[in-house]
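# Survey of secondary and tertiary structure
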Amino acid sequence: MTLVWRHLLRPLCLVTSAPRILEMRPFLSLGASWTSVTKLSLHTRPRMPPCDFIPERYQSLGYNRVLEIHKEHLSPVVTAYFQKPLLLHQGHMEWLFDAEGNRYLDFFSGIVTVSVGHCHPKVNAVAQKQLGRLWHTSTVFFHPPMHEYAEKLAALLPEPLKVIFLVNSGSEANELAMLMARAHSNNIDIISFRGAYHGGSPYTLGLTNVGTYKMELPGGTGCQPTMCPDVFRGPWGGSHCRDSPVQTIRKCSCAPDCCQAKDQYIEQFKDTLSTSVAKSIAGFFAEPIQGVNGVVQYPKGFLKEAFELVRARGGVCIADEVQTGFGRLGSQFWGFQTHDVLPDIVTMAKGIGNGFPMAAVVTTPEIAKSLAKRLQYFNTFGGNPMACAIGSAVLEVIKEENLQENSQEVGTYMLLKFAKLRDEFEIVGDVRGKGLMIGIEMVQDKMSRRPLPREEVNQIHEDCKHMGLLVGRGGIFSQTFRIAPSMCITKPEVDFATEVFHSALIQHMERRAK
């Protein structure tokens, strides 16, 4: 599915060797590629797949000056990966380039955000055209890009999910969904899973149940956590629970159409309804697959039963598709469809704009009217011409380049390759996921499932970066590698990534042995 234009961009390629010294060499053929030698160990460094794009020469701030400015003027909260944070300069499809011209295969896509590829030519062209026509009006005036986008997005959602509120971020979308749930139900209590991440704003922090995002001060009134049905790390799990090509190593005696783990977790959910919330509730938030918690999947059938229980209490069901939507999971366009459920509200962001700030809340006409009766909702930047033009281009690219199908094919291929690493290494406790949303959980040993110490995971992470692979982190203890490349990724690039990860694990075992 690689498009012709991806092989016709520049006549040169970069060659790099540790410690990442660059030189220019002419292409001998389309098969030419970067070659690398590392001083980390005596192992042969995995060979990077070819890339026919040459970044512009970096001519901005020096690295040390960047560090000085960051320390003096930007947030003191440490969010950057690596002992020496990367200073990125340019991106092209699945590739990133730093200020020194080093090339990296991006397997985290800006925290599961760059859906169709960095600076995709079609999206770029649409953005540049709109930039010269109209940037901003606010919703007090109409403009065609908003209405064109609304029609395209609505066509991708089942009835009765047809009313769209355009906003700017996932946190903002989830805050609006909370307002909708409470306005429609006339209730306050909202349930979310432990390990859930639904935003970092003051309102959504009540829904987010990851310790590092919690404050000692009160906030998020009316939000109640419930047990996450994690079939790897939780108290119950088996060998048939997940909707994934790869199951846990835990064993069970369940028949194919029965899941005892699911039944046990449903009892815990019922217990929350009986003890922690009022008789009538506002709603229940769930990510189809938990992202920040390390790509955690629930037992098949769990969400369907949970939705029924919530609706019996007068609540509405909200699917947070910020990370799972837009074809990333492969088999379906939306994550909720993989659970055979129909939510009352769907929130979406990240991949919706391929990195451009954009988000949406989609709901039913009935719930939308309930909000309108109680609140004159207005959003200055939501649905601006730039965002809507880009959003439309992203939807077109996903369809034209068969990226949902690619997510299914290449994602399954990658899951099975990573599963072989789990079978080979004792410290790889679990490989899970669906499509191009994958988690690799690191443990001290498979029997105890205790998390691998953070400093050891950090070193593996660094080694992957040194070999040209960028991956994310997740989990309560930062013990899980998150894999979520742009949906344009190819099998040869997956081969490279798994080779890098294999090499990093071998280096780690050698350090342990010393």
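Residues numbered from 1 in each chain as written. Predicted model: local features only at pLDDT ≥ 70, side-chain atom pairs only at ≥ 80, totals over all residues. Heavy atoms only, no water.

An unreviewed UniProt entry annotates the chain as Alanine--glyoxylate aminotransferase 2, mitochondrial originating from Papio anubis. Among the UniProt annotations of the chain, the heading Subcellular location (unreviewed entry) holds the following wording: "Mitochondrion". The UniProt entry for the chain carries the following text under Sequence similarities (unreviewed entry): "Belongs to the class-III pyridoxal-phosphate-dependent aminotransferase family." (UniProt positions renumbered as here; feature names shortened; annotations may be inferred.)

### So, the overall build of the chain
Counting its secondary structure elements, the chain contains twelve helices and 17 strands. Based on the C-alpha atoms only, the size of the chain along its principal axes is roughly 65 × 60 × 45 Å. Counting every position in the chain, which comprises 514 residues, the buried fraction comes to 56%. Long-range contacts, defined here as pairs at least 24 residues apart, represent 72% of the contacts in the chain between residues at least 6 apart. The centroid of the 53 positive side-chain charges in the chain is displaced by 2 Å from the centroid of its 49 negative side-chain charges. (Helix = DSSP H or I, 4+ residues; strand = E, 2+ residues; numbered from the N terminus. Buried < 20%, exposed > 50% of the residue type's maximum accessible area, 1.4 Å probe, protein only. Contact = heavy atoms within 4.5 Å. Lys, Arg positive; Asp, Glu negative; His and termini not counted. Charge placed at Lys NZ, Arg CZ, Asp CG, Glu CD.)

### So, helix H11 (residues 454-466)
An ideal rise of 1.5 Å per residue puts 18 Å on 13 residues; H11 measures up with 18 Å between its terminal C-alpha atoms. Regarding H11, the residues found buried are Val457, Ile460, His461, Glu462, Asp463, Cys464 and Lys465. Where H11 is buried, its residues meet strand E5 (103-106), strand E14 (437-442), strand E15 (469-470), strand E16 (472-474), strand E17 (480-483) and helix H12 (491-513). Immediately downstream of H11, the backbone of Gly468 shows phi near 95 degrees, a positive value. (Expected span 1.5 Å × (residues − 1).)

### Focus: helix H8 (residues 365-374)
Buried residues of H8: Ile367, Ala368, Ser370 and Leu371, and no others. Looking straight down H8, one finds its buried side chains confined to an arc of 155 degrees; they lie on one side. Of the exposed residues in H8, the ones pointing more than 90 degrees away from its buried face are Glu366, Lys369, Ala372 and Lys373. Among the structural elements, strand E6 (163-167), helix H5 (170-185), strand E10 (316-320), strand E11 (345-348) and strand E12 (359-363) are those in contact with the buried residues of H8. (Arc of directions from axis to C-beta.)

### A few points about the nonpolar core
Residues Phe107, Leu153, Phe284, Phe326, Met348 and Met442 are the most contacted members of the largest nonpolar core, which totals 100 residues. Per-element tally for this core: the top contributor is helix H9 (residues 385-400), with nine residues. Leave out the neighbours within four places in its chain, and Phe326 touches Tyr149, Leu153, Phe333, Trp334, Met348, Ala349, Gly351, Ile352, Leu395, Ile398 and Met487. With 24 residues, the next largest nonpolar core counts Ala177, Cys223, Ala282 and Ala368 among its residues. (Core = buried A, V, L, I, M, F, W, Y, C linked by side-chain atoms within 4.5 Å.)

### Quick word on the environment of Arg133
As for its position among the elements, Arg133 is in the loop between helix H3 (121-131) and helix H4 (144-154). As for Arg133 and Ile281, which are separated by 148 residues in sequence, their C-alpha atoms are 46 Å apart.

### Here we look at the packing of aromatic side chains
Counting across every chain of the model gives 17 aromatic pairs. Seen from their ring centres, Phe269 and Phe284 are 5.0 Å apart, and the 65 degrees between their planes marks the pair as edge-to-face. Separated by 15 residues along the polypeptide, Phe269 in helix H6 (residues 260-275) and Phe284 in strand E9 (residues 283-286) bring together distant segments of the chain. With 4.9 Å between their ring centres and 65 degrees between their planes, Phe326 and Trp334 make a pair best called edge-to-face. Neither residue differs from the other here; Phe326 and Trp334 are each classed as buried. In this structure an aromatic cluster arises from ring pairing among Phe193, Phe269, Phe284, Tyr298, Phe302 and Phe307. Here the guanidinium or amino end of Arg103 rests over the ring plane of Trp95, the centre of that ring lying 4.3 Å away. A cation sits over an aromatic face here: Lys491 above Tyr413, 5.2 Å from the ring centre. (Phe/Tyr/Trp six-rings, centres within 6.5 Å; stacked < 30°, edge-to-face > 60°. Lys NZ or Arg CZ within 6 Å of the ring centre and 35° of its normal.)

### Some details on the pattern of salt bridges
According to the stated counting rule, one finds 21 salt bridges in the structure shown. The partner of Glu441 in a salt bridge is Arg432, with the nearest N and O atoms 2.7 Å apart. The pair formed by Glu441 and Arg432 is uniform in burial state, with each residue classed as buried. (Salt bridge = Lys/Arg side-chain N within 4 Å of Asp/Glu carboxyl O.)

### Brief notes about unusual backbone geometry
Omega for the peptide link from Glu159 to Pro160 comes to 0 degrees, which places this bond in the cis form. Its location among the elements puts Pro160 in the loop between H4 and E6. Despite not being glycine, Asn354 has its phi angle at roughly 55 degrees, a positive value.

### As for the pairing of E14
Here E14 lies mainly inside the structure; six of its six residues are buried. Burial along E14 is two-sided: Met437, Gly439 and Glu441 facing one way and Ile438, Ile440 and Met442 facing the other are all buried. Linkage of strand E13 (residues 428-434) to E14, two consecutive antiparallel strands, is achieved through a turn of two residues, within which Gly435 is found at a positive phi near 60 degrees. By the bridge criterion, four bridges tie E14 to E17 in an arrangement that is antiparallel. Each residue of the ladder has a partner; that of Ile440, found in E17, is Phe481. (Pairing = 2+ DSSP bridges.)

### Considering a nonpolar patch on the surface
A grouping of Val140, Phe141 and Phe378 is seen on the molecular surface, where their side chains present a nonpolar patch of about 330 Å² in accessible area. Along the chain, Val140 turns up in the loop between H3 and H4. (Patch = residues over 30% accessible without salt bridge, like charges linked within 9 Å, V, L, I, M, F, W, Y side chains within 5 Å. Areas by Shrake-Rupley, 256 points an atom, 1.4 Å probe, with all protein chains shown as cover.)

### Re empty space enclosed by the protein
What the rule picks out here adds up to two cavities of 30 Å³ or more. Here the largest cavity defines a volume of roughly 70 Å³. Every residue along the wall of the largest cavity is listed here: Val112, Ser115, Val322, Gln323, Thr324, Gly325, Phe326, Arg328, Ala349, Gly351, Ile352 and Met487. Partitioning the lining of the largest cavity into residue classes produces six nonpolar, five polar and one charged. Quantified by volume, the second largest cavity comes out at close to 50 Å³. The wall of the second largest cavity is formed by Asp243, Pro288, Ile289, Gln297, Tyr298, Leu329, Thr338, His339 and Lys434. Tallied by class, residues from the lining of the second largest cavity come to four nonpolar, three polar and two charged. (1 Å grid on protein atoms, 1.4 Å probe; cavity = no way out; pocket = protein on both sides within 12 Å on 5 of 7 lines; lining within 4 Å. Points joined across faces, edges and corners; volume = space filled by probe spheres on them. Nonpolar A, V, L, I, M, F, W, Y, C, P; charged D, E, K, R; others polar.)

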